Each structure stands twice: as structure tokens, then as C-alpha cells.
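These are the residues of each chain, in order.
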Amino acid sequence: MKRILSSLSLLAITCSGTLNAHSCCQSEDYFFYIKIDSGISFSEPAHVFAPRPTWSPAAQGYHSKLGDRAIAGFSIGCELMHLIDLEVSISNRSIFKYRKFQTSLVGDGSYTREFDLGVTPILFSAQLLGRNIPYLSWNIARGMVYPILGAGVGVSNLLITNFRTTGLPPTGDSAPYASFSAENPYTLRRNFTYTAHIGLEYNHNDSWALATGYRWFDADSFKGPRFQRVASGAAVDVAHQEWKMRFRANEWFAEFKIFL
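Residues numbered from 1 in each chain as written. Predicted model: local features only at pLDDT ≥ 70, side-chain atom pairs only at ≥ 80, totals over all residues. Heavy atoms only, no water.

1. Re the packing of aromatic side chains
Geometrically, a pair of aromatic rings is defined through the distance of the ring centres and the angle of the planes. A full pass over the atoms with the stated rule returns 15 aromatic pairs. Both rings, one in Y98 and one in W243, keep their centres 5.6 Å apart while their planes meet at 70°; by these two values the pair is edge-to-face. Of the two residues, Y98 sits in strand β3 (residues 84-103) while W243 sits in the loop between β10 (235-237) and β11 (244-259), which places them 145 residues apart along the sequence. Taking the relative accessible area as the measure of exposure, W243 reaches 2% and is therefore buried. Between F217 and F247, the aromatic rings sit 5.8 Å apart at their centres with planes inclined by 75°, giving edge-to-face as the arrangement. Residue F217 is located in strand β8 (residues 208-223), and its partner F247 is located in strand β11; the two are separated by 30 residues in the primary sequence. Both residues of the pair, F217 and F247, belong to the buried class. Taken together, W55, Y62, Y98, F115, F163 and W243 form an aromatic cluster joined through their ring pairs. Geometry around F217 places R93 over its ring, the cationic atom sitting 4.4 Å from the centre. (Phe/Tyr/Trp six-rings, centres within 6.5 Å; stacked < 30°, edge-to-face > 60°. Helix = DSSP H or I, 4+ residues; strand = E, 2+ residues; numbered from the N terminus. Buried < 20%, exposed > 50% of the residue type's maximum accessible area, 1.4 Å probe, protein only. Lys NZ or Arg CZ within 6 Å of the ring centre and 35° of its normal.)

2. Comments concerning unusual backbone geometry
Of note, the bond from R52 into P53 is cis; its omega dihedral lies within 30 degrees of zero at 10°. For P53, the location among the structural elements is in the loop between β1 (30-43) and β2 (68-80). One non-glycine residue, M81, lies in positive phi territory at about 55°. Position of M81 relative to the elements: it lies in the loop between β2 and β3. Looking at M81, the relative accessible area reads 48%, which means it is partly exposed. One non-glycine residue, N162, adopts positive backbone phi at about 55°. By the secondary structure assignment, N162 is in strand β6 (residues 143-166).

3. What to know about the side chain of S156
Mapped onto the secondary structure, S156 falls in strand β6. What makes S156 buried here is its relative accessible area of 0%. Residue contacts for S156: discarding those within four places in its chain leaves V119, T120, P121, R189, R190, N191, T193, F217 and A219. (Contact = heavy atoms within 4.5 Å.)

4. With respect to the nonpolar core
L66, Y98, F115, L117, W243 and F247 are the most contacted members of the largest nonpolar core, which totals 22 residues. Secondary-structure elements contributing two or more residues to this core are β3, β4 (110-129), β6, β8 and β11. L129, M144, I148 and F253 belong to the second largest nonpolar core, which has six residues in total. (Core = buried A, V, L, I, M, F, W, Y, C linked by side-chain atoms within 4.5 Å.)

5. Section: the pairing of β6
Pairing analysis gives 17 bridges linking β4 to β6, with the strands arranged antiparallel. From the neighbouring strand, R113 faces β6, where its bridge partner is T165. As defined by bridge partners, strand β5 (residues 138-140) adjoins β6 across three bridges and the pair is classed as antiparallel. By the bridge assignment, N139 is partnered in β6 with M144. Connecting the antiparallel pair β5 and β6 is a turn made up of two residues, with A141 showing a positive phi of about 50°. Summarising the sheet, β6 and strand β7 (residues 183-204) pair through 20 bridges and their orientation is antiparallel. Within the sheet, the bridge partner assigned to V153 lies in β7 and is Y194. (Pairing = 2+ DSSP bridges.)

Structure follows, in C-alpha cells:
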């Protein structure tokens, strides 16, 4: 995270220096901006694949929803010729939660598999603006409304926490507390991520802008924890038998842009 903040600070300083040159030249070909954004991430089911024999088959399977979560983000960018935005962004989604009640098909009783998932992407994005396209922009309240279309690529930090099985009866080793079949408190994966979005933007006299729309977010497939602590307290390496899952989401976004 320190490296991320350092990179964003360096970019902001670079943008500020370039902005001074921009002011001296009175050029209107480019405008630097900062942007904050929010919205809701409607995640798709995790589609978990749990290899046998390490993971017991269950009547309910392993697929489960992760829930819908709020988004918060920050971007630094440059608008070129009122035609295209180029920007770098970092955002975070509130913690997604996987909870799956299962009944074992091999006589191991009933229990709940669970984990929490944090999603923090760093993206480089390009966005086309319909501002100067005839019949696609409208003058409204001292500003303009026009469509936007964009895409981004980058890397997501996928933080898996509280990975465990709950609801098992106590054993001699765990009494009076419930036992567990596997547990791992912290696993970080980094995955290639891409996004695509479409929406509308309102620009108020090139001083600020508001935008809203739909975004597709895809962090692709990644593996669950490799090392597990079992009921006896021993650590087990389940290499090549890790859970395989994915993160994809349909998102609504709202953005506020300030031109520098």
C-alpha cells in the first residue's frame, strides 16, 4: 500500500508541474483532473472448485454468492482534446463474504464453509467522450451532457481472510470450542483485472464533472489458501488441491471529477 500511495503522490507532483506549463501556454488541448468515485459492486457467485480427496463432496456443492458491496476510489488523469480521458486509479470494495452450509456426502456431518474477500484494484484506464460528437451531446445548465465509453486494465489485490469451516461439533482436542476441518487467516493473491464501462457525464464549464453508469469488473480466477491448520493444530500443505474461485461483478458507479 505504501508503494501505491508513493506512486500516486509522484504522479500528482508530475501532473502539477505539467499543469504549470499548461497554464503558461494557455493551451486548451489537455486538462488534468482528480476524481473520486463510489457505487455498488454486485458480485457474481464465486463458482468454487474444491478438488477431491482433500475437500469432501457436499450435497449443496461449493458455489455461493459473495454479496453486494460499496465501492470507494480515487483517480488522477488527463483529458485530451475533450475527446479522451487517460487515468490511473485505485479503489476498494467493502469486504465480500462467502458462506456455504454443506451436508457431507461421505458421512462427515454438516458444517459451514466460509471466508471473507477484499478486492483492491489498481487500473490504467482510457475513456472516450462524446462531447464533440454531433447529436451525442446536449447543452444543459451552463454545461454539457454526453455519453462516455471506456476500459481499463491492471492488477487486483485479492485478500482472503477468515478462511475456515465452522459448525462442527467439539472434539477431544477442541472442547469446549467447536472444531474445524481447515483454517487459514490470511492469503493474498494478485490477479490481472480488466474493466469495461458505459455511462453519461455532465461537464460544468470545464471546472468539474459528474458521471454515472454501468461497469463490468473481472478479476478472473485465483486460488484459495495453500496452507491449512487442521483440527489437531498441525499445518498442512495442500499444494495443487487449493480451492479455485473467481471474482466478477456488475457495478453501478458515480464519479465526481475536479479539473486542476
